[in-house]
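# Structural features, examined
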Amino acid sequence: EVQLVESGGGLIQPGGSLRLSCDASGFSVNSFYMTWVRQAPGEGLEWLSVIHIGGSTYYADSVKGRFTISRHNSKNSVDLEMDSLRPEDTAVYYCARGRWGSYYMDVWGKGTTVTVSS
Amino acid sequence: QSALTQPASVSGSPGQSITISCTGTSGDVGAYNYVSWYQQHPGKAPKLIIYDVSNRPSGVSDRFSGSKSGNTASLTISGLQAEDDSDYYCISYTSRNTWVFGGGTKVTVL
């Protein structure tokens, strides 16, 4: 079964760092592009970052310079390293995959919750 | 990158048709036929219902259809049913090699 499972969320103080992981099963993360999307409480979806099959990465302006996406082929997972966290980063964080040559995400995880608060 | 513009809410009675608009710019919606739509029920992950403007994934009801004109994409739900009561989001690929979501539309089945 194709599945994505996010982990690593929790309560973190402003200014702190957190690493989220997205573990894939049923497919290889190095054969798809992988993205992170978040949703603040009561708000809409926000696209954050992508890592392509070739390793190139792109970020939304809101997280550029603070968040870093990486892929670990041996673990079949994708991480999102989040630094200099702010209260407005509080959200459910989803990972999702996209097929090479397509421009949509077809499989999503259930999300992990990050709360930035003192 | 500014979010795409969607109406905050749309409502309709069972059996009716409704349309949700998604307006962007020449750098996103207008630049490519890479608009997709997601349905999201409360507390759940988004579900893909339309990709590449007007294509439906296998298993998605043909009551959902998509189109695009210029910088505006649209999602139409025909024969509205109770289970269509949900949030809907458009998303477009952009000329900056990123994606941008719309603000979301709450569909209420009256």
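### Considering the overall build of chain B
Within chain B, the secondary structure is distributed over 0 helices and 9 strands. When the helices and strands of chain B are placed in sequence order, the string is β-β-β-β-β-β-β-β-β. The C-alpha atoms of chain B give 13 Å as radius of gyration, which agrees with the globular expectation for 110 residues (13 Å, within 12%). When its C-alpha atoms are laid out on the principal axes, chain B stretches across 40 × 25 × 25 Å. Every one of the 110 residues in chain B was classed for burial, and the buried ones make up 45%. A separation threshold of at least 6 residues defines the contact pool for chain B, and within that pool the share at least 24 residues apart is 56%. Summed over all atoms, the accessible surface of chain B reaches about 4700 Å², with 44% contributed by carbon and sulfur.

### Looking at the pairing of strand β5 (residues 45-51) of chain A
Residues and elements named next belong to chain A. Of all 7 residues making up β5, 6 are buried, and the element is well covered by its neighbours. Bridging between strand β4 (residues 32-39) and β5 involves 6 bridges; their strand directions are antiparallel. What sits directly across from methionine 34, in β5, is isoleucine 51. Linkage of β4 to β5, two consecutive antiparallel strands, is achieved through a turn of 5 residues, within which glycine 42 is found at a positive phi near 70 degrees.

### A few points about the side chain of Asp84(B)
Residue and element names in this part refer to chain B. Inspection of the secondary structure assignment puts aspartate 84 in the loop between β6 (72-77) and β7 (86-93). A relative accessible area of 1% places aspartate 84 in the buried class. Apart from residues no more than four positions distant in its own chain, aspartate 84 is found in contact with Gln39, Arg63, Phe64, Ile77, Gly79, Val107 and Val109.

### A look at the interface of chain B and chain A
The partner chain A presents 21 residues to the 21 residues of chain B that form the contact. For the pair chain B and chain A, the summed buried area comes to about 1800 Å², and 65% of that belongs to carbon and sulfur atoms. For the pair chain B and chain A, the number of links is 1 salt bridge. The partner of Asp61(A) in a salt bridge is Arg96(B), and the shortest N-O contact between them spans 2.7 Å. At the surface where chain B touches chain A, the tally comes to 7 residue pairs in polar contact (both at pLDDT 80 or more). Secondary-structure elements contributing two or more residues to the side of chain B that touches chain A are β3 (35-40), β7 and β8 (99-101) of chain B. Across the side of chain B that touches chain A, the residue classes tally to 11 nonpolar, 7 polar and 3 charged.

### Notes on the sheet that holds strand β3 (residues 18-25) of chain A
All names here are of chain A. Taken in spatial order, the 4 strands line up as β1-β3-β8-β7 in an open sheet, and their pairing is antiparallel. The sheet is open, and its two borders are formed by β1 (3-7) and β7 (67-72), each paired with just one other strand. Taken pair by pair, the neighbouring strands of this sheet meet at an average axis angle of 15 degrees, ignoring direction. Pairing of β7 with strand β8 (residues 77-82), which is carried by 6 bridges, proceeds in the antiparallel orientation. Counterpart to phenylalanine 67 in the pairing with β8 is methionine 82.

### Re the layout of surface pockets
The computed volume of the largest pocket comes to approximately 360 Å³. Contributing to the lining of the largest pocket are 25 residues, with Leu45(A), Glu46(A), Trp47(A), Gln1(B) and Ala3(B) lying nearest its centre. Contributions of two or more residues to the lining of the largest pocket are made by β4 and β5 of chain A together with β8 of chain B. For the lining of the largest pocket, a count of residues per class yields 10 nonpolar, 9 polar and 6 charged.

### Some points on unusual backbone geometry
Negative phi is the rule for most residues except glycine; trans is the rule for most peptide bonds. Residue and element names in this part refer to chain B. Backbone geometry places aspartate 52, a non-glycine residue, at a positive phi of 50 degrees. By the element assignment, aspartate 52 lies in the loop between β4 (47-50) and β5 (64-69). Classification of aspartate 52 as partly exposed rests on a relative accessible area of 24%. For valine 53, which is not a glycine, the phi torsion comes out positive at approximately 75 degrees. Locating valine 53 in the fold gives a position in the loop between β4 and β5. Under the relative-accessibility criterion, valine 53 is labelled buried at 9%.

So, how was this worked out
Residues numbered from 1 in each chain as written. Chains lettered and ligands numbered in written order. Predicted model: local features only at pLDDT ≥ 70, side-chain atom pairs only at ≥ 80, totals over all residues. Heavy atoms only, no water. Helix = DSSP H or I, 4+ residues; strand = E, 2+ residues; numbered from the N terminus. Rg over C-alpha atoms; globule rule 2.2 N^0.38 Å. Buried < 20%, exposed > 50% of the residue type's maximum accessible area, 1.4 Å probe, protein only. Contact = heavy atoms within 4.5 Å. Areas by Shrake-Rupley, 256 points an atom, 1.4 Å probe, with all protein chains shown as cover. Pairing = 2+ DSSP bridges. Buried area = accessible area lost by both parts, 1.4 Å probe. Salt bridge = Lys/Arg side-chain N within 4 Å of Asp/Glu carboxyl O. Polar contact = N/O pair within 3.5 Å; in protein donor to acceptor, adjacent residues only side chain to side chain. Nonpolar A, V, L, I, M, F, W, Y, C, P; charged D, E, K, R; others polar. Axes fitted to C-alpha atoms, helices over the stretch in contact; angles between N-to-C directions. 1 Å grid on protein atoms, 1.4 Å probe; cavity = no way out; pocket = protein on both sides within 12 Å on 5 of 7 lines; lining within 4 Å. Points joined across faces, edges and corners; volume = space filled by probe spheres on them.

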